[in-house]
Amino acid sequence: MSGEFSGLVAVVTGGASGIGQATAVELAARGAAVAVLDVNTDAVTPPLRGYRADVTDRASVEAALASVAADLGGIDILVNNAGVSAVGTVEENADAEWTRVLDINVTGIARVSSAALPYLRASSHAAIVNLSSIAALNGLPQRVLYSATKGAVMAMTFAMATDLVSEGIRVNCVRPGTVATAFVDRMLAGFADPIAERAALDARQATGRMVTPQEVADAIAYLASPRSGSTTGTALDVDGGVTHLRVRK
Ligand SMILES: NC(=O)c1ccc[n+]([C@@H]2O[C@H](COP(=O)([O-])OP(=O)(O)OC[C@H]3O[C@@H](n4cnc5c(N)ncnc54)[C@H](O)[C@@H]3O)[C@@H](O)[C@H]2O)c1
């Protein structure tokens, strides 16, 4: 296949839905061979290849990455996208919920990245892109646990980029605003008035609407691209202006 990612193999965790799916499709359209690692691969269709793995289970991650490398000839790009939402104030999430969400959103990235590094080290265009969030920098209502995980992802990104720069492995993250995906639909279902909450989510962006999965996928593709060789240890906001703009309403 010709294209910017021609000859490269990309792994997208959580690539069966939402932002991950849009990213997997975009990387494939730009020439990559793309493997989707997900707990549910039923929705994965060619040219994407599905590999069942749970980012909380090291054995399943290692087995899936070994299969990807054997099937596709290595791994050049890792998009650590798998993640779950959590709603609540600091009083509202039980200890077990903290353990569960941190395990998926934070330790999951460490688990998949460490398992992928032996393959990435063999690549001359190795890149990792992590999914942080505006929640890393902005105090969003009822998102204490989720924000803790996404702040951790941002901090991990900078630390991982530092450790890996001498090996030619770039590490960056995106900080999306609220993206209209199934993830948001599920979160809205937990509110008494989901329609009012959706309108509030649209209004939160200075642009007046939620971010699209494609817009985040394009940002991830930019950071993962072999053409971005000088970009490492950065966080790219794809947030409709939430973080830095103060518009008159
Ligand atoms: N949607 C948003 O508003 C938004 C904003 C900022 C950041 N993000 C982040 O983007 C990422 C993707 O979000 P989305 O909205 O596309 O979500 P989504 O729910 O549409 O997709 C998440 C995917 O991850 C998979 N997944 C969940 N747990 C997994 C596990 N343990 N192992 C493997 N796969 C697992 C799911 O099966 C699903 O396919 C998440 O990390 C999320 O925190 C989302």
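Above this text sits the structure in question.
Just so you know, these numbers come straight off a predicted model, no measurement behind them.

About the thresholds
- Residues numbered from 1 in each chain as written.
- Predicted model: local features only at pLDDT ≥ 70, side-chain atom pairs only at ≥ 80, totals over all residues.
- Heavy atoms only, no water.
- Helix = DSSP H or I, 4+ residues; strand = E, 2+ residues; numbered from the N terminus.
- Rg over C-alpha atoms; globule rule 2.2 N^0.38 Å.
- Buried < 20%, exposed > 50% of the residue type's maximum accessible area, 1.4 Å probe, protein only.
- Contact = heavy atoms within 4.5 Å.
- Lys, Arg positive; Asp, Glu negative; His and termini not counted.
- Charge placed at Lys NZ, Arg CZ, Asp CG, Glu CD.
- Near = heavy atom within 4 Å.
- Polar contact = N/O pair within 3.5 Å; in protein donor to acceptor, adjacent residues only side chain to side chain.
- Nonpolar A, V, L, I, M, F, W, Y, C, P; charged D, E, K, R; others polar.
- Expected span 1.5 Å × (residues − 1).
- 1 Å grid on protein atoms, 1.4 Å probe; cavity = no way out; pocket = protein on both sides within 12 Å on 5 of 7 lines; lining within 4 Å.
- Points joined across faces, edges and corners; volume = space filled by probe spheres on them.
- Core = buried A, V, L, I, M, F, W, Y, C linked by side-chain atoms within 4.5 Å.

The secondary structure content of the protein chain amounts to seven helices and seven strands. Ordered by position from N to C terminus, the α and β elements of the protein chain give β-α-β-β-α-β-α-β-α-β-α-α-α-β. Taking 249 residues into account, the globule formula puts the C-alpha radius of gyration at 18 Å, and the protein chain, at 17 Å, falls close to it. Dimensions of the protein chain, computed from the C-alpha atoms along their principal axes, are close to 50 × 40 × 35 Å. Relative to its 249 residues, the protein chain shows a buried fraction of 51%. For the protein chain, long-range pairs separated by at least 24 residues make up 70% of all intrachain contacts whose partners lie at least 6 apart in sequence. With 19 positive and 24 negative side-chain charges, the protein chain shows a spacing of 5 Å between the two charge centroids.

Around the ligand sit 26 residues in total, of which Ser17, Asp38, Tyr146, Thr181 and Arg186 are the nearest. Measuring from an oxygen atom of the ligand, one finds a backbone N or O atom of Asn81 at 2.8 Å. Here an oxygen atom of the ligand sits 2.9 Å away from a polar atom, N or O, in the side chain of Lys150. Elements that contribute at least two residues to the shell around the ligand include exactly α1 (18-29), α4 (144-164) and α5 (182-188). The dominant element in the shell around the ligand, judged by the number of residues it contributes, is α5, at three residues. Here the shell around the ligand is composed, by residue class, of twelve nonpolar, ten polar and four charged.

By the element assignment, Leu223 lies in helix α7 (residues 213-224). By relative accessible area, Leu223 is classed as buried at 2%. Residues Leu223 and Ile195 lie 28 residues apart in sequence; the distance between their C-alpha atoms is 34 Å. With residues near it in sequence (within four places) discarded, Leu223 still touches Ala127, Val129, Arg170, Asn172, Cys173, Val174, Ser228, Thr231, Thr234 and Leu236.

Next up on the list: α4. The terminal C-alpha atoms of α4 lie 30 Å apart, and with 21 residues this matches the ideal 30 Å at 1.5 Å per residue to within 8%. Among the residues of α4, Leu145, Tyr146, Ser147, Thr149, Lys150, Val153, Met154, Met156, Thr157, Met160, Ala161 and Leu164 are the ones counted as buried.

Considering only enclosed or pocket space, the largest pocket measures out at about 890 Å³ in volume. Taken together, 41 residues form the lining of the largest pocket, with Asn81, Gly83, Val84, Phe183 and Arg186 sitting closest to its centre. Here the lining of the largest pocket takes five residues from α5, the largest share from any one element. Residue composition of the lining of the largest pocket, grouped by class: 20 nonpolar, 14 polar and seven charged.

Once that is clear, we can look at the nonpolar core. The biggest cluster of nonpolar side chains holds 32 residues, and the ones touching the most others in it are Val11, Leu37, Leu65, Val68, Ile75, Leu120 and Ile128. Taken together, the elements giving at least two residues each to this core come down to β1 (9-13), β2 (33-38), α2 (58-72), α3 (95-120) and α4. The next biggest cluster of nonpolar side chains, apart from the first, holds 29 residues, and it includes Ala10, Leu27, Leu48 and Val216.

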